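Overview (structure and organization)
So the chains spell out like this:
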Amino acid sequence: MQLRLSRKLIFEDTLPENIGYVAGVDVAYLEGTSVAAVAVLDANTLSQVEVQVAHLKTRFPYVPTLLSFREIPPAYSAIKKLHRKPDVFMVDGQGFAHPYGLGFASHLGLILDKPTIGVAKSLLCGEVKQNVKEGWAPIKYKGKVIGAEVVTKQGTKPVYVSVGHRVTLKRAIEVVLECTGKYRLPEPTRRAHIAAGEEKRNLQSAL
């Protein structure tokens, strides 16, 4: 299914020239419950304008390379609550940089039919064979560039950026760097991670 769906991905830039809102998406877990958060930020100021959360019973086991089947249901539930319409969704996970070409960011992009970008904290597949230049280096897998190792902040570990859907890799890298503040992670996914963690703690205290 992932191989079939990956052929539907669009690697062309469909983002507006001036992005208004960027959303970050992240999912946390608590004793059989999936907790998703989506944080919408003003792309120019990186100020947070909306946050929505959702939690559902976890219905898919943890299987490496199949995380999208586990994370999309809660993420989609949180996204459906949004009042603002983001121009692009930045996902804490892989996009095309995936053994079957369909990480969480790409799968979500196809479901939403919206531009998505994968921003992962670790490399899932492929190799970075070149030194970082201009802040990034290509990730290659089976002779093809599938993403980029990006240094968002000097002195910290890189992040791994890949096309989710409806964006070029070049534009994806630009958006990630534009949305990075004083931390290693870009603000949209960092804020979503914080919101998911807060909701998880709220649920935990209610148990």
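Residues numbered from 1 in each chain as written. Predicted model: local features only at pLDDT ≥ 70, side-chain atom pairs only at ≥ 80, totals over all residues. Heavy atoms only, no water.

1. Digging into the overall build of the chain
A tally of regular secondary structure across the chain gives 5 helices and 9 strands. A globule of 207 residues ought to have a C-alpha radius of gyration of about 17 Å, and the chain, at 16 Å, matches this closely. Across the chain, contacts joining residues at least 24 apart in sequence account for 64% of those joining residues at least 6 apart. Per element, the accessible surface of the chain, about 10300 Å² overall, is 50% carbon and sulfur. In the chain, 28 side chains carry a positive charge and 19 a negative one; their mean positions are 6 Å apart. (Helix = DSSP H or I, 4+ residues; strand = E, 2+ residues; numbered from the N terminus. Rg over C-alpha atoms; globule rule 2.2 N^0.38 Å. Contact = heavy atoms within 4.5 Å. Areas by Shrake-Rupley, 256 points an atom, 1.4 Å probe, with all protein chains shown as cover. Lys, Arg positive; Asp, Glu negative; His and termini not counted. Charge placed at Lys NZ, Arg CZ, Asp CG, Glu CD.)

2. Things to note about helix α2 (residues 67–79)
The end-to-end C-alpha distance of α2, which contains 13 residues, comes to 18 Å, matching closely the 18 Å that a straight helix rising 1.5 Å per residue would cover. When the local axis directions of α2 are compared, the greatest deviation, roughly 30 degrees, occurs at Pro73. Residues Ser68, Arg70, Glu71, Ile72, Pro74, Ala75, Ser77, Ala78 and Ile79 constitute the buried set of α2. The inward-facing, buried residues of α2 abut α1 (2–6), β1 (21–30), β2 (33–42), β3 (48–57), β4 (88–91) and α3 (104–112). (Expected span 1.5 Å × (residues − 1). Bend = angle between axes of the 7 residues up to and from the residue. Buried < 20%, exposed > 50% of the residue type's maximum accessible area, 1.4 Å probe, protein only.)

3. So, the pairing of β4
Side-chain alternation along β4 places Val88 and Met90 on one buried face and Phe89 and Val91 on a second face that is also buried. One ladder, built from 4 bridges, connects β1 with β4; its direction is parallel. Its bridge partner being in β4, Gly24 is matched across the sheet by Met90. Two strands pair when backbone bridges link them, and β4 and strand β5 (residues 116–120) are joined in this way by 3 bridges, in the parallel orientation. Directly across from Met90, in β5, lies its bridge partner Ile117. (Pairing = 2+ DSSP bridges.)

4. Regarding the environment of Ala172
Among the structural elements, Ala172 can be located in helix α4 (residues 169–178). Note: C-alpha distance between Ala172 and Gln204 (32 residues apart in sequence) is 35 Å. Beyond its immediate chain neighbours, meaning those up to four positions away, Ala172 contacts Ile117, Val161 and Val167.

5. Focus: the sheet that holds β5
If you walk across this open sheet you meet the 9 strands as β3-β2-β1-β4-β5-β9-β8-β7-β6, and the pairing is mixed. In this open sheet, the two strands that pair with only one neighbour each are β3 and β6 (127–128). Both β6 and strand β7 (residues 136–141) contribute to a ladder of 2 bridges, which runs antiparallel. Note that in β7 the partner of Glu127 across the bridge is Lys140. Along the sheet face, α3 touches β1, β4, β5 and β9 (159–165) and points at about 160 degrees away from the line of β5. Packed onto the sheet, helix α5 (residues 187–206) meets β1, β2, β3 and β4 and runs at close to 35 degrees relative to β1. (Axes fitted to C-alpha atoms, helices over the stretch in contact; angles between N-to-C directions.)

6. Section: the pairing of β1
Extensive coverage of β1 is indicated by the burial of 8 of its 10 residues. Bridging between β1 and β2 involves 10 bridges; their strand directions are antiparallel. Across the sheet, Ala28 pairs through a bridge with Val35, a residue of β2. Hairpin connection of β1 to β2: 2 residues between the antiparallel strands, including Glu31 at a positive phi of 40 degrees.

7. Re the packing of α2 against α3
Packing of α2 against α3 brings their axes to within 10 Å, and their N-to-C directions diverge by 45 degrees. Here α2 lies oblique to α3, going by the angle between them. Between α2 and α3 lies a crossing of right-handed hand. On the side of α2, the interface is formed by Ser68, Phe69, Glu71, Ile72, Ala75, Tyr76 and Ile79, while α3 contributes Phe104, His107, Leu108, Ile111 and Leu112. Taken together, the residues of the contact of α2 with α3 break down into 9 nonpolar, 2 polar and 1 charged. (Parallel < 35°, antiparallel > 145°, perpendicular 65-115°, else oblique. Left-handed = near helix turned anticlockwise from the far one by under 90°. Nonpolar A, V, L, I, M, F, W, Y, C, P; charged D, E, K, R; others polar.)

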